[in-house]
Amino acid sequence: MKTMMTIAGSDSSGGAGIQADIKTATVLGVFATSAITSITAQNTTGVKAVYDLSPEAVASQMTAIMEDIPPDAVKIGMVSSEKIIKTIADNLKDYEGPVVLDPVMVATSGSPLLKEEAEATLKEVLMPIATLVTPNIPEAERLISKKITTIDEQIEAAKKIAEDYDVAALVKGGHGLGDAVDILYDGEVHRFKKPMLDNPNTHGTGCTLSSAITSHLALGYSPEEAVKLSKEYVFDAIADGLNLGHGHGPINHMVRR
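Overview of the structure. (Residues numbered from 1 in each chain as written. Predicted model: local features only at pLDDT ≥ 70, side-chain atom pairs only at ≥ 80, totals over all residues. Heavy atoms only, no water.)

A closer look at the pairing of strand E1 (residues 3-11)
For a regular strand, the rule is simple: side chains alternate between the two faces of the sheet. Note the following rule: Relative accessibility thresholds used throughout: buried, under 20% of the residue-type maximum; exposed, over 50%; partly exposed, between the two (1.4 Å probe, protein chains only). Numbering of helices and strands starts at the N terminus; helices are DSSP runs of H or I of at least 4 residues and strands are runs of E of at least 2. Strand pairing is assigned whenever DSSP identifies at least 2 bridges connecting the two strands. We call a crossover right-handed when, viewed with both strands directed away from the observer, the connection leading from the first strand over the helix to the second proceeds clockwise.
Of all nine residues that make up E1, nine are buried, and the element is covered over most of its length. Direction of pairing for E1 relative to strand E2 (residues 31-43): parallel, over a ladder of eight bridges. Directly across from Ser10, in E2, lies its bridge partner Ile39. The handedness of the E1 to E2 crossover, carried by helix H1 (residues 17-27), is right-handed. With four bridges connecting them, E1 and strand E4 (residues 73-76) associate as parallel partners. Of the residues in E4, the one forming a bridge with Met4 is Ala73.

Have a look at this one:
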């Protein structure tokens, strides 16, 4: 069985983070291991508290996994502190498989998840070791320090991120630009389009998409194929219409069980 390791925060409500990553990988037929970076107290209405683990705790989790169940692909999600970012980079310096970085900066509810001082370290230390990065529109704007208001600007953002950091870049749509158009740039421009769904319950979509891409990469798909299949999976999970909680509820990760 193919394996993936997710390095991310825990979401107590189960819709995002480590929980979403493990559910997604399992449904897609990949065995998931995990290294937890932070414990969040959150629900569908917002993040109540964030408790970072120590860099030593993150490193020991990664070491234990790498020496026993080495992953076929790695996903990096929520990393809120500068020290944890450096620890992850150090522990992946010899890893040769694909690394998907989801630069989680803000939760769906609007709650900040990346400390301001850690943002520069993420750009300088984690971006260069990634194979593919998956920012949404607001995150891409922060990475390039420029507003994105059109599809053409989204394409240019993907190109700039890819060229600046020597990675493949997937700039996700769905933030006010009409249809949900995702742009992948890996030397060529690839468009992935789905209609916007009338469903406010989208908590964890970014985590789910990046872990689905990681799972498909672990299974041997190309980046373009992995993104295509993963976007279809997330679309189905949103379209299922799961309705839990009083805020932005989770999508249905088990839609294909």
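Comments concerning the packing of aromatic side chains
What counts here: Pairing of aromatic side chains here covers Phe, Tyr and the six-membered ring of Trp, requires ring centres within 6.5 Å, and sorts the geometry by plane angle: under 30 degrees stacked, over 60 edge-to-face, intermediate tilted. Think of it as a cone above the ring: NZ of Lys or CZ of Arg counts as a charge over the ring if it is within 6 Å of the ring centre and within 35 degrees of the ring normal.
According to the stated counting rule, one finds zero aromatic pairs in the structure shown. The ring of Phe235 carries Lys194 above its face, with NZ or CZ at 4.9 Å from the centroid.

Thoughts on the packing of helix H2 (residues 55-68) against helix H3 (residues 82-91)
The following threshold applies: The axes are straight lines fitted to the C-alpha atoms, using for helices just the contacting stretch, and the angles between their N-to-C directions are given from 0 to 180°. If an angle is under 35 degrees, it is roughly parallel; if it is over 145, roughly antiparallel; if it lies from 65 to 115, roughly perpendicular; otherwise it is oblique. By convention, the crossing between two helices is left-handed when the near helix turns anticlockwise from the far helix through less than a right angle, and right-handed when the turn is clockwise. We call two residues in contact whenever any of their non-hydrogen atoms come within 4.5 Å of each other. Any residue outside Ala, Val, Leu, Ile, Met, Phe, Trp, Tyr, Cys, Pro, Asp, Glu, Lys and Arg is labelled polar, Gly included; the first ten of those are nonpolar and the last four are charged.
It is the contact of H2 with H3, at a shortest axis distance of 9 Å, that shows an interaxial angle of 25 degrees. The orientation of H2 relative to H3 falls into the category roughly parallel. Handedness of the crossing formed by H2 with H3: right-handed. Where H2 abuts H3, its residues Pro55, Val58, Ala59, Met62 and Thr63 lie against Lys83, Ile84, Thr87, Ile88 and Asn91. Along the lines of polarity and charge, the residues of the contact of H2 with H3 split into six nonpolar, three polar and one charged.

Section: the pattern of salt bridges
When the charged atoms of two side chains with opposite charge come close together, those side chains can pair. Filter applied, for reference: Every case where a carboxyl oxygen of Asp or Glu lies within 4 Å of a side-chain nitrogen of Lys or Arg is listed as a salt bridge.
According to the stated counting rule, one finds 12 salt bridges in the structure shown. Two residues, Lys231 and Asp182, come together in a salt bridge whose shortest N-O distance is 3.2 Å. With a gap of 49 residues between them, Lys231 in helix H8 (residues 223-239) and Asp182 in strand E8 (residues 180-185) connect regions that are remote in the sequence. As far as burial versus exposure is concerned, Lys231 and Asp182 are alike and both buried. One network of salt bridges, in which partners are shared, links Glu119, Lys123 and Arg142.

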